[in-house]
Structure formats: C-alpha cells, structure tokens
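As a plain string of letters, each chain reads:
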Amino acid sequence: MIAPPRDHGGGLDAAIARYGGTRAGWLDLSTGINPVPYPIGDIPAEAWTALPDQAATDRLEAAARRFWRVPDALRIVPAPGASALIARMPDLTGSRPAWIPAPTYNEHAAAFAAHGKIAESPKGAAHVIVHPNNPDGRLWHTEDLAKAPMAIIDESFCDESPGLSFVARPKPEKTIILKSFGKFWGLAGLRLGIAIGPPDTLGPPDRPSLAENLGPWPVSGPALEIGARALEDTAWADATRARLAEGAARLDTLLVAEGAAPLGGTTLFRLYEVDDAATWQHRLAGRHVWSRIFPYSRTWLRLGLPAPDRWGQLEAALQ
C-alpha cells in the first residue's frame, strides 16, 4: 500500500507550473528554513572519497555535546536527517502507542500510524511533542510532561532560542530529543539530524538500538565535517539569532499593516490569521512569492523570512 502524500511546505515546482516564472525568480517562504545558511566553506576531498571514520563522528558528537550542553549520561546518535530519526521512533517506544497533540508537524503521526501505534489519550502513552511547535510556535513546559512515561521532543526549531531546550531541563527519564540542521543552520539538503537520550532508551535491551537500525556510516563524510564546523561556530549562531529576531519583527510589521493578525511562530517562521488563506496564497503567488497554508484551517497563513536582499519582493507582493 502506498501512503498518501503528506502536507509540507515547499513544492515550488508545482507553484511554478501553475503561476509561471523561474525558480530563481520565486521567493519561497513556505518553509521555516533560515534564508542565510551556514557558510560551509571548502570540504576536504577525503570527506567525499573515503568512508567516514570514527574520528569524524567523534568530532561531531563532541561539538554537539558542547553546543547543546548535553549531560555526560546522555548519548548522542547522528543520523541522515531528522526525518530519518522520526521514522525510527516507533521502534523505541516498545508496546507504548504515541500521543501526539495536534496540530503539529505531521511526520510524527505518520510514523506511528504506520506501526498502528497512535493513542487516543495521553494516559500511558509516549508523549510526542514539537518544541516550539510547528506551525503555531507553542512552547511546552516541564509540567506538561509530568505524567508521561516516555517523551519524544522534536526541537528542530529550538536552536534560535537555546534557553528553551529540554536537554538540561527536568523531563521524564525516558526522553529522546531530536535536533535538525535544516532549520536554524539553513542546511536542509545536508540531511543531518541528531538524537539525544539515555543509552537504554536509544538502545533498549530487547530490540535493536537506534544506531543499529541506522546501519553503518549513516551520516556522510561531508555532513559530519559541515555539522561539526557549524556547532563549533558559536559566534555565527549568536549573530544569526539576533538577525532572525529582527527579521521576525519586520515580517510581523508588514503583515499587520495588510490586515493579518499574528498567531505565533518562531523567529524562523510566523503564523497569521487572515480572512481567507487560499486567497492570500493565490495573490502572493501571482507575484511569485510562495507561502504555506494548511488543510485543517482556512484562515491560517504561515510565512518564513526572506533573505536580506529579497524583502523588496515580499513588500511589493503585499501591496
């Protein structure tokens, strides 16, 4: 059985086919990807030509431990993207189904539904949350997880606000935290994600561990090199957080002036209440600006941030 396609941002090819133009001429604001990605620089030839060695993985894991202040008792498992980790989370919850409060990023429900492990209530279930939530930016708190026997916390959008991370906050003993390089660092094509959790949760004794399920050399040599550099460059991270905060405030000002009401989000994407989201999307697409709307709400419109040299295109499309 082939699963139906799931709702995501992107899909620029379809927008171009309908509204015309070229990819270079379109402003894609349908995702929450940082429009100023981490500068990857030159990559050593051996990163491309040799199998990744343990030293490269060790460097990435050490950088991750420092950047996210991961306690020594927790293990770090790199993977080829956060999506690859999400798909494997049902293997780690044992007989527990997952309680996934909606609306949220739909890959979590898809992964657990494929295993028949969706719970109708939070009691006795593994709690799966996105923090901050996508698309509304909802923040979760320690008390929200107080009764959870197990938690999976997707922090793909948490690196712009590191003080909110659950890595060092009280949480259920069996907690797995997922990190992504596609959002804050703007490197979605790198396909690099990281899971953080207790060794016996990432590697239950009665079934294959997460690392075993990912197989040998799960992360490419270039991804290991670039990921380590990004995590080691804390000056870039600090400057990026300041720039994103300014951009989010500017975006709110523009949309409010056009009659949209801010509903939340993060500094990488903003969610607005509008009279008719499909009409807004159509109008913006006519000016080759792509936005995000949702099948469960006719009034929610989400926009990411333009690159610094593309604000004029958005301003013109809104007028």
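Everything here concerns the structure above.
Treat the numbers as computed from the prediction; the structure is a model and nothing was measured. (Residues numbered from 1 in each chain as written. Predicted model: local features only at pLDDT ≥ 70, side-chain atom pairs only at ≥ 80, totals over all residues. Heavy atoms only, no water.)

Student: I'd love a proper account of the sheet that holds strand β5 (residues 150-154), names of residues and values included.
Tutor: In spatial order, the strands read β2-β7-β6-β5-β4-β3; together these 6 strands make up an open sheet with mixed pairing. Each edge of the sheet is formed by a strand with only one pairing partner; in this case those strands are β2 (75-79) and β3 (98-99). The pairing of β2 with strand β7 (residues 193-197) spans 5 bridges and is classified as antiparallel. Looking across to β7, one finds that A79 is bridged to G193. With respect to the sheet, helix α3 (residues 54-67) is in contact with β2 and β7, its orientation differing from that of β2 by roughly 120°. (Pairing = 2+ DSSP bridges. Helix = DSSP H or I, 4+ residues; strand = E, 2+ residues; numbered from the N terminus. Contact = heavy atoms within 4.5 Å. Axes fitted to C-alpha atoms, helices over the stretch in contact; angles between N-to-C directions.)

Student: Quick rundown of the sheet that holds strand β9 (residues 269-273)? Include the residues and the values.
Tutor: Taken in spatial order, the 4 strands of this open sheet run β8-β9-β12-β11, and their pairing is antiparallel. The open sheet has two edge strands, β8 (261-265) and β11 (292-294), and neither has a second partner. Within the sheet, the average angular offset between the axes of one strand and its neighbour, ignoring direction, is 30°. In this sheet, strand β12 (residues 297-304) lies alongside β9 in antiparallel orientation, the contact comprising 5 bridges. Following the sheet pairing, Y272 is matched in β12 by L301.

Student: Can you lay out the environment of W48 for me, pointing to particular residues and giving the numbers?
Tutor: Following the sequence through the fold, W48 ends up in helix α2 (residues 45-49). For W48 and T104, which are 56 residues apart along the polypeptide, the C-alpha to C-alpha distance reads 36 Å. Apart from the residues within four sequence positions on either side, W48 is in contact with I43 and P222.

Student: Explain the environment of P149 to me, using residue names and the numbers behind them.
Tutor: For P149, the position within the fold is in the loop between β4 (126-130) and β5. Look at P149 and you get partly exposed, because its relative accessible area is 29%. Sequence spacing of P149 and I194 is 45 residues, and the spatial spacing of their C-alpha atoms is 22 Å. Setting aside residues no more than four positions away along its own chain, P149 makes contact with R96, G124, A125 and K174. (Buried < 20%, exposed > 50% of the residue type's maximum accessible area, 1.4 Å probe, protein only.)

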